[in-house]
Amino acid sequence: MTTRLRVLDDGAWLSINDTREVRVSELWRLESSDFCDCDLVDLVVENFQTIGVDGSTVETRVHGQCIACGAAGTTGWLPVGRIRDGEFAEFDRSSVRRSRTGIHRR
Amino acid sequence: MPTDVEQWKSEAYGLEVRDHLFEFAQEGYDSIPDDERDAWFERFKWWGLYHQRNGQEGYFMMRIGTPNGVLEPGQLRVIGEIADEYARGPGTNPIFGDAYADFTTRQSIQLHWIELSDVPAVFEKLAANGLSTQQACGDSWRNIVGNPVAGKDGQEVIDAWPVIRELNETFKGNDDHTNLPRKWKVSVTGSADGSGQGDINDLAFEPAYKRVETGGDGDEDTVGFNVRVGGGLARNEPRLARDIDVWVPPEKVSDVAGGLSALFRDYGDREDRYNARVKFLVDEWGAEAVRETLQEEYVDFELETAGRDVREEYTYNAGEGERNDLIGVHEQKDGTNFVGLNVLVGRMGAADVLELADLAEEYGSGEVRLSQRQNVILTDVPDAALDDLLDEPLLDHYSPDPSPFMRGSVACTGTEFCSLSIVETKNRQVRFARWLKGNVDLPSGVDEFHIHLSGCTASCAQPQIADVSLRGMKTRKDGDPVEALDVGLGGGLGDDPQFARWVTQRVPVDEVPGAIANLIESFAAEREDGESFRAFVARHDDDELDALVDPEETDYDDPMMHNTKRTWYPYAENDGIDEGPPVPADD
Ligand code: HEM
Ligand code: SF4
C-alpha cells in the first residue's frame, strides 16, 4: 500500500494519507545533532521543508530555531511518527528525537 | 520532480476551479474525496479561499481583492453585510466579537469562518456588486496595490488608478498568466509619498520623469514609471525590489508588466517553492539580465532607460517626516478632503463596517479606500462637512488623530486562524497598544511610532519595515514553553529603505511592553536634538541596541502565554484542540 506524504500550505503541515497530521509551532527536543552545539536541542518547528519515509517511520526536515542557543537552520531527517496498518501515529511530542540517516523515498 | 502543487495546478487551476468549488458547495463539504482534499484546498486559494488551521475543520478564510484598496460607493456596505451574515463562526473573539472584517497590509479584505456551503451565495453577492475573491490567494497576480487615494491625492505626480484598473482587467483571469510559479505581487504608485510600498513587491512601478522626443519642437519631460523587480519580505529572506533601469510611459505599463509576469512564468523555479519567488530569480540573474531578457524575449519595442524618480520625497512608513501614513484630514485635488481613520490592527466589527458605510455616504461620496497600514480612508468630504464628520461617535473608535501607539500598530492573523503561525497576534497587539498608550510617553516632537507584529517569518504584517518589529517565536520561562517575540529595530521605507535589524531574540510576550517602554525611555534620554527613532537606531550597533531593549515584567498581563496553537480557538472557554466544532453542516 502506498503512503501519500506531503508538505502543505508553504510548510505549515505534514499531510499523511490526505490528513493534516503534523503542524508547525511545536517545540521538539533533539539529541546529538549537527544542528547546534547544545546537548539537547530545543527546536521551534517553523517550517517543514520536505517529507520522506524510512521503513515505516515518517521523517521530515525542518526549518527552525534552537531556543536554548538561538541557532537557526534546517535539520537533518527527523522521525515524526510511524505508519502501522495504513494508520499514522505521531510520536509523543515531548519525546527526544534523534536524527537518522537512511534511504528516503517519497 | 515537479512539486505536488505544480502537479495539481497542471491538472486544474484558475477560472475552471470555480465550477468545481460550486459543485462541492452544493453537494457538501464531505463530497470532496478524501484523497483529493489537499489538491482542492490548494486550488481554492486561486479563488480567495484558504482553509483555516487545525481544530477549525471545514471553515475557510475568504480574501476579497480590492485593487488599490478602492471600494466604490456601496461596496463597503456589501462587505459589512456579508461579514454580518456569513463570517460568524463557533468562536467569539473577546475584543472584536462575532463577525468582523480584516483590512490587510495589501489593501484587501479578509473574512473568517466562511463555510463552503455559503460560498456560492457570497460570490453571487460580491459579483452583483462588482467585487471578487478571484486570485486573492494562490500562484498568480494578486491584488494590485498602490497609493489608495490615487486620482484624488493633492500630492500626486501621476494618476495611477487608470493604470491599475487596466492591469487588473488585463491580467485577472488571463490564461497566459493564471498559473505562475508563485504569488506575483504588483504595486503601482503615482504619488510622491511612497505609499504604494513598491520596494517590497515582486514588481513595482514608481513615478518618474523622462525626457522623451516629442518630434516637432524637441524634447519634453513626460511622467511615467520606473520599474523595479524582486522585492518581498518572507522567510528571513527580505529583499528590496531591484532597479532594472527601465522607464515606461503609462500606456505601456501593461506590456512591460505582462512581459515580466511571463518571464517569471517561464523562468521561475517550479521545482522548489521556497526558491520560487521572483526575488530569487533576480538574485540569481542580476537586474541587468532581467532587463535584457525582458527586452529580447518579452517586449516588441525598445525599452527606455530609467527616468528621474521622486524617491527622495518618499515619507510613507519612512520613520520620519510628514505622511508616515495616511491618517487624518488631507486635501484632495478637487478641493474636497480625504479623511484617514485608524483601524487598530485592521479589524472592524461588522456593525461598525455598516456604520462606516453610512458615514461615507452621508459626508462623502460613499467611496472608501484601504491603506497598506490596515486603515480606512473616507474620500470626497467637502470642507463644510468635515466638522460634523469628525464629531461622529464612531470616530472615537476609529480616530483620525489617534495615539501614536494605536496608529502605529499593524498585526497579521496569527494563531487565531493561520496554520503557519507561532503566536497570537491581533489581540495581543491591541493589548500592547493599549498598555503603551496608558504607560509610555514618546519624547516631544515624536508623534509616530510604528510597531508591526507578525506571527511567523512569512511577514504578512511587514515587520521588517517598522520602528519596532515583532516576530513570533517560542522560549522557556521558568522551564515552561511560552510564546515569545523576536525584536527588530529601525526598519523603514523612504528614499533609503532598510530592513529592521533583529537585535533581541525570544522575549517572553509578557515582557515585551516593558522592553518597548525601556527602549523608548533610553531613546528619550539619549537622542540628539530632533532625532527620529530610526536615525537613533541607525547610529547604534546591534549589541548596544540589544542592551537598550531590556525586557521586563510590568503590570501588563498576557492571558495568551501558553501554546495558543494547541487550542482549537485561543479564546474558547473549552479551548482544547479536540474540543473544536464539527465540520459545519451543509445547510
Ligand atoms: C490565513 C492567513 C495567511 C496565511 C496562511 C498567509 C500565508 C503567507 C505566506 C506563506 C507568506 C510567505 C510567502 C512566500 O514565501 O512567498 C505570506 C507573506 C505575506 N502575506 Fe500572508 N498569509 C496570511 C494572511 C495574510 C494577510 C492578512 C495579509 C494581508 C493581505 C497577508 C499579506 C502578506 C504579505 C504582505 C506577505 C509578506 C511579504 C512578501 O513576501 O510578499 N497575508 N503570507
Ligand atoms: S505572518 Fe505568519 S502567522 Fe501571520 S498571517 Fe502570515 S503566515 Fe500567518
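Because the structure is a prediction, the values reported are computed rather than measured.

Student: I'm lost on the overall build of chain A in this one. Help?
Tutor: Looking only at helices and strands, chain A features zero helices and ten strands. Overall, chain A shows an N-to-C arrangement of helices and strands of β-β-β-β-β-β-β-β-β-β. Here chain A has a C-alpha radius of gyration of 13 Å; the compact-globule value for 106 residues is 13 Å, and the two agree. Dimensions of chain A, computed from the C-alpha atoms along their principal axes, are close to 40 × 25 × 20 Å. Taking the contacts inside chain A whose residues are at least 6 apart along the sequence as the reference set, 42% of them involve residues at least 24 apart. Summed over all atoms, the accessible surface of chain A reaches about 4,700 Å², with 42% contributed by carbon and sulfur. Taking the 14 positively charged and 17 negatively charged side chains of chain A as two groups, their mean positions are separated by 5 Å.

Student: Can you help me understand the overall build of chain B in this one?
Tutor: Summing up its helical and strand segments, chain B has 17 helices and 20 strands in all. For 587 residues, the compact-globule formula gives about 25 Å, and the C-alpha radius of gyration of chain B, at 23 Å, lands near that figure. By the burial criterion, 65% of the 587 residues in chain B qualify as buried. Restricting to contacts in chain B with at least 6 residues of sequence separation, those with at least 24 account for 72%. Of the side chains in chain B, 55 bear a positive and 116 a negative charge, and the two mean positions are spaced by 3 Å.

Student: Looking at this model, I keep getting lost on the interface of chain A and chain B. Mind explaining?
Tutor: As a measure of interface size, the accessible area lost when the parts come together is often cited. Contacts between the two partners involve 34 residues from chain A, matched on the other side by 34 residues from chain B. Between chain A and chain B the total buried area reaches about 2,800 Å² when both faces are included, carbon and sulfur atoms providing 44% of it. Connecting chain A to chain B are eight salt bridges. Across the salt bridge formed by Arg566 of chain B and Glu26 of chain A, the nearest N and O atoms sit 2.6 Å from each other.

Student: It is not clear to me how the pattern of salt bridges should be interpreted in this structure. Could you clarify?
Tutor: Where charged atoms from two side chains of opposite charge come close, those side chains can pair. Taken as a whole and assessed by the stated rule, the structure comprises 59 salt bridges over all chains. Residues Arg4 of chain A and Asp18 of chain A are paired through a salt bridge, measuring 2.6 Å at the closest nitrogen-oxygen approach. With Arg4 of chain A in the segment before β1 (5-8) and Asp18 of chain A in the loop between β2 (13-16) and β3 (19-23), this pair connects stretches of sequence that are 14 residues apart. The class of Arg4 of chain A is partly exposed, set by a relative accessible area of 32%. A residue is classified by how much of its surface remains accessible, and Asp18 of chain A, at 10% relative accessible area, is buried. Salt bridges sharing partners connect three or more residues here, namely Arg4, Arg6, Asp9, Asp18 and Arg20 of chain A together with Asp4, Asp38, Glu42 and Lys45 of chain B.

Student: Which parts of the structure should I look at to understand the site of ligand 1?
Tutor: What surrounds ligand 1 is a group of 23 residues, the closest being Thr104, Lys183, Lys185, Arg277 and Cys460 of chain B. Ligand 1 is flanked by residues contributed from chains A and B. Within the contact set of ligand 1, an oxygen atom lies 3.1 Å away from a backbone nitrogen or oxygen of Ala234 of chain B. Of the residues belonging to the shell around ligand 1, the class tally is eight nonpolar, seven polar and eight charged.

Student: Explain the packing of helix α7 (residues 253-267) of chain B against helix α8 (residues 278-285) of chain B here, please?
Tutor: Helix-helix packing is described using two parameters, namely the angle between the two axes and the distance between the axes. Residues and elements named next belong to chain B. Two numbers describe how α7 lies on α8: the axes approach to 11 Å, and their chain directions differ by 80°. As far as their axial angle goes, α8 and α7 are roughly perpendicular. Here Leu263, Phe264 and Tyr267 of α7 lie close against α8, whose contacting residues are Val278, Leu281 and Trp285. Residues that form the contact of α7 with α8 fall into these classes: six nonpolar, no polar and no charged.

Student: Before we go on, may I ask you to explain the site of ligand 2 in this structure?
Tutor: Taken together, Cys412, Thr413, Gly414, Cys418, Leu420, Ser421, Ser454, Gly455, Cys456, Ala458, Ser459 and Cys460 of chain B form the complete shell of residues around ligand 2. Here the shell around ligand 2 is built from residues that sort into six nonpolar, six polar and no charged.

Student: Which parts of the structure should I look at to understand the domain arrangement of chain B?
Tutor: All names here are of chain B. Along its sequence, chain B is carved into domain 1 (4-128), domain 2 (161-313) and domain 3 (406-566). Contacts between the two partners involve 14 residues from domain 1 and, on the opposite side, 16 residues from domain 3. Across the domain 1 to domain 3 interface the summed buried area is about 1,200 Å²; carbon plus sulfur atoms make up 49%. When residues of domain 1 are sorted by the area they lose upon contact with domain 3, Arg53, Ile95 and Thr105 head the list and together hold 49% of the total.

Student: Can you help me understand the packing of aromatic side chains in this one?
Tutor: Pairs of aromatic rings are described using the distance from one ring centre to the other and the angle between the two planes. All names here are of chain B. Here the structure, examined in full by the defined rule, presents 31 aromatic pairs over all chains. A ring pair is formed by Phe205 and Phe225, whose centres lie 6.4 Å apart and whose planes are at 85°; its orientation type is edge-to-face. In this pair, Phe205 is assigned in strand β7 (residues 203-213) and Phe225 in strand β8 (residues 219-229), connecting sequence segments 20 residues apart. The class of Phe225 is buried, set by a relative accessible area of 0%. Of the aromatic side chains, those joined through ring pairs into one cluster are Phe24, Tyr29, Trp40, Phe41, Phe44 and Phe60. Lying across the ring of Trp40, Arg43 places its NZ or CZ 4.4 Å from the centre. Sitting over the face of the ring of Phe96, Arg347 holds its NZ or CZ atom 5.3 Å from the ring centroid.

Student: What exactly am I supposed to notice about the coordination of the iron atom of ligand 1 here?
Tutor: Perfect tetrahedral coordination of a metal by four donors corresponds to 109.5 degrees between them, and perfect octahedral coordination by six donors corresponds to 90 or 180 degrees. With respect to protein ligation, the iron atom of ligand 1 binds only Cys460 of chain B (SG), at 2.2 Å. Within the secondary structure, Cys460 of chain B sits in the loop between β17 (451-454) and β18 (468-477).

Student: What is the right way to read the sheet that holds strand β13 (residues 347-349) of chain B from this model?
Tutor: To summarise the sheet geometry, strands pair through backbone hydrogen bonds and adopt either a parallel or an antiparallel arrangement. Residue and element names in this part refer to chain B. One open sheet accounts for five strands, arranged β1-β2-β5-β4-β13; its pairing is antiparallel. Only two strands of the sheet have a single partner each, and these edge strands are β1 (49-51) and β13. In this sheet, adjacent strand axes meet at a mean angle of 30° when their direction is disregarded. Across three bridges, the pairing between β1 and strand β2 (residues 59-65) is antiparallel.

Student: Which parts of the structure should I look at to understand the nonpolar core?
Tutor: Side chains of nonpolar character tend, in soluble globular proteins, to be buried together. Residue and element names in this part refer to chain B. Core analysis: the largest hydrophobic core is formed by 65 residues, its most contacted members being Phe449, Val468, Leu470, Leu489 and Phe533. Broken down by element, this core gets its largest block of residues, seven residues, from helix α15 (residues 512-526). Residues lining this core come from more than one domain, with at least three contributed by each of domain 1 (4-128) and domain 3 (406-566). Excluding its chain neighbours within four sequence positions, the residues that come into contact with Leu489 are Asp467, Val468, Ser469, Ala500, Arg501, Val503, Leu519, Phe533, Val537, Leu545 and Val549. Residues Leu111, Val119, Val343 and Leu386 belong to the second largest nonpolar core, which totals 58 residues.

Student: How should I be thinking about the sheet that holds strand β20 (residues 501-508) of chain B in this particular structure?
Tutor: Residues and elements named next belong to chain B. Overall, mixed pairing links the five strands, which are arranged β16-β17-β18-β19-β20 in an open sheet. One side of each edge strand has no neighbouring strand; the edge strands of this open sheet are β16 (409-411) and β20. The mean inter-strand angle of the sheet, taken between neighbouring strand axes irrespective of direction, is 25°. Pairing geometry for β16 and β17, over three bridges, is parallel. From the neighbouring strand, Val410 faces β17, where its bridge partner is His452. With respect to the sheet, helix α14 (residues 426-439) is in contact with β16, β17, β18 and β19 (480-489), its orientation differing from that of β16 by roughly 165°. Against the sheet, α15 makes contact with β17, β18, β19 and β20, and its axis sits at roughly 130° relative to β18, the strand it touches most.

Reading the values: rules and limits
- Along each chain, residue indices are assigned from 1 in the same order as the chain's sequence is written.
- Whichever chain is written first becomes A and whichever ligand is written first becomes 1, with later ones labelled in order.
- Local features in a predicted model are, by the rule used here, given only for residues with pLDDT of at least 70; side-chain atom pairs are given and counted only at 80 or more, and totals for whole chains, interfaces and linings are based on all residues.
- Neither water nor hydrogens contribute to the side-chain values; these are computed over all heavy atoms in the structure.
- Only DSSP runs of H or I reaching four residues or more are called helices, and only runs of E reaching two or more are called strands; each is numbered from the N terminus.
- Here the radius of gyration uses the C-alpha set of atoms, whereas the globule reference equals 2.2 Å times the residue count to the power 0.38.
- By the convention used here, residues are in contact when the closest approach between their heavy atoms is within 4.5 Å.
- Exposure was quantified through the Shrake-Rupley algorithm and a 1.4 Å probe, taking into account, for residues, occlusion by the shown protein chains and nothing else.
- Think of it this way: Lys and Arg go in the positive column, Asp and Glu in the negative one, and His and the chain ends go nowhere.
- The atom standing in for a charge is NZ when the residue is Lys, CZ when it is Arg, CG when it is Asp and CD when it is Glu.
- Only protein chains enter the accessibility calculation, which uses a 1.4 Å probe. A residue is then buried if its area is under 20% of the maximum for its type, exposed if over 50%, and partly exposed in between.
- Summed over both partners, buried area is the accessible surface (1.4 Å probe) that two parts give up on being assembled.
- We define a salt bridge as a contact between a side-chain nitrogen of Lys or Arg and a carboxyl oxygen of Asp or Glu at a distance within 4 Å.
- Definition of nearness: a residue and a molecule or strand are near each other if at least one heavy atom of the residue lies within 4 Å of the molecule or strand.
- Within 3.5 Å is the distance limit for a polar contact, defined as a pair of N or O atoms, with the added protein rule that one can donate a hydrogen and the other accept it, and that residues adjacent in sequence qualify only through two side-chain atoms.
- As a working rule, the residues Ala, Val, Leu, Ile, Met, Phe, Trp, Tyr, Cys and Pro are called nonpolar, Asp, Glu, Lys and Arg charged, and the rest polar, with Gly in that last group.
- Axis definition: a line fitted to C-alpha atoms, over the contacting stretch in the case of helices. Angles run 0 to 180 degrees between N-to-C directions.
- Every angle not falling under 35 degrees, over 145, or within 65 to 115 is termed oblique; those three ranges are roughly parallel, roughly antiparallel and roughly perpendicular.
- An automatic or database domain assignment supplies the start and end points of every domain.
- Pairing of aromatic rings covers Phe, Tyr and Trp, the last through its six-membered ring, and needs centres within 6.5 Å; plane angles under 30 degrees mean stacked, over 60 mean edge-to-face, and all others mean tilted.
- For a lysine, the NZ atom is tested; for an arginine, the CZ atom; a charge sits over a ring if that atom is within 6 Å of the ring centre and within 35 degrees of the ring normal.
- Counted as donors are the N, O and S atoms within 2.8 Å of the metal, or 3.2 Å for Na, K and Ca, while water is not among the atoms, so some sites may look incomplete.
- Here a strand pair is declared whenever DSSP counts at least two bridges between the two strands.
- Think of a nonpolar core as a cluster: buried Ala, Val, Leu, Ile, Met, Phe, Trp, Tyr and Cys residues, connected wherever their side-chain atoms sit within 4.5 Å.

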